[in-house]
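Chains, contacts and geometry: an overview
Residue-level listing of the chains:
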Amino acid sequence: SKRSYHEKVLDHYNNPRNVGSMGKGDNDVGTGLVGAPACGDVMKLQIKVDPNDNTISDVKFKTFGCGSAIASSSYLTELVRGMTLEQAGRIKNTEIAKELCLPPVKLHCSMLAEDAIKSAISNYYTKNPKAKATDLGGTGAAMPEIEIEKVSATA
Ligand code: FES
């Protein structure tokens, strides 16, 4: 049976998955820290990467923000575990918003989660430039940049 928006958001809000931190200085950890200027909410997302196959072996978050932002980041951590960096980098906030049935006014909360995973991946690639070449098949294609502007579009 289909669960309602409130149930899913409240479930992640009341029982957030994978809350915590990892060693920011560790070479196999990528850290993303993003904020939504409109509301002041901040999300930190960290991924631990298995260098053998570029998959995400662990993920932690800390979100100082609204319930929808906390739910979005909690759901995201479940989603990206086991994914390759390339797969995780393609996650769209609309997937998160759809899963949690977020209303339009809360879309920017899910955008914060999309920006956070992209930022974490980007940080990992900065630390491990060779991983990027391998992961992208050596094409040298650029990772999407964080667009903080996007999250400030709605209040
Ligand atoms: Fe700003 Fe949800 S992240 S209100």
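Residues numbered from 1 in each chain as written. Predicted model: local features only at pLDDT ≥ 70, side-chain atom pairs only at ≥ 80, totals over all residues.

1. Brief notes about unusual backbone geometry
With a phi angle near 60 degrees, Asn18 is a residue other than glycine that sits in the positive phi range. If you trace the backbone, Asn18 turns up in the loop between α1 (5-14) and β1 (29-36). In this structure Asn18 comes out as partly exposed when scored by C-beta crowding, with 17 C-beta atoms within 10 Å. Here the phi dihedral of Cys101 falls at roughly 55 degrees; this positive angle occurs in a residue that is not glycine. Among the structural elements, Cys101 can be located in the loop between α4 (93-100) and α5 (107-127). (Helix = DSSP H or I, 4+ residues; strand = E, 2+ residues; numbered from the N terminus. Buried ≥ 20, exposed ≤ 12 C-beta atoms within 10 Å, placed from the backbone.)

2. Comments concerning the environment of Val19
Assignment of secondary structure puts Val19 in the loop between α1 and β1. Using a count of 14 C-beta atoms within 10 Å as the deciding quantity, one classes Val19 as partly exposed. Separated by 94 residues in sequence, Val19 and Ala113 place their C-alpha atoms 14 Å apart. The contacts of Val19, once residues within four sequence positions are left out, are Lys60, Phe61 and Lys62. (Contact = placed C-beta atoms within 7 Å.)

3. So, the packing of helix α2 (residues 67-80) against α4
Running from amino to carboxyl end, α2 crosses α4 at an angle of 105 degrees, the nearest separation of the two axes being 10 Å. When the axis of α2 is compared with that of α4, the two are roughly perpendicular. Contacts between α2 and α4 pair Ala71, Ser72, Tyr75 and Leu76 from the former with Ile96, Glu99 and Leu100 from the latter. A class-by-class count of the residues in the contact of α2 with α4 yields five nonpolar, one polar and one charged. (Axes fitted to C-alpha atoms, helices over the stretch in contact; angles between N-to-C directions. Parallel < 35°, antiparallel > 145°, perpendicular 65-115°, else oblique. Nonpolar A, V, L, I, M, F, W, Y, C, P; charged D, E, K, R; others polar.)

4. Remarks on the sheet that holds strand β3 (residues 55-64)
Here three strands make up an open sheet; going across it, the order is β1-β2-β3 and the pairing antiparallel. Either end of the sheet is taken by a strand with one partner, and the two such strands are β1 and β3. Within this sheet the neighbouring strands show an average axis-to-axis angle of 15 degrees, counted without direction. Of the strand pairs in this sheet, β1 and strand β2 (residues 41-50) are connected by eight bridges, and their pairing is antiparallel. Along β2, the bridge assignment pairs Gly30 with Ile47. Packing of α5 onto the sheet brings it into contact with β1 and β2, and relative to β1 it is tilted by some 145 degrees. (Pairing = 2+ DSSP bridges.)

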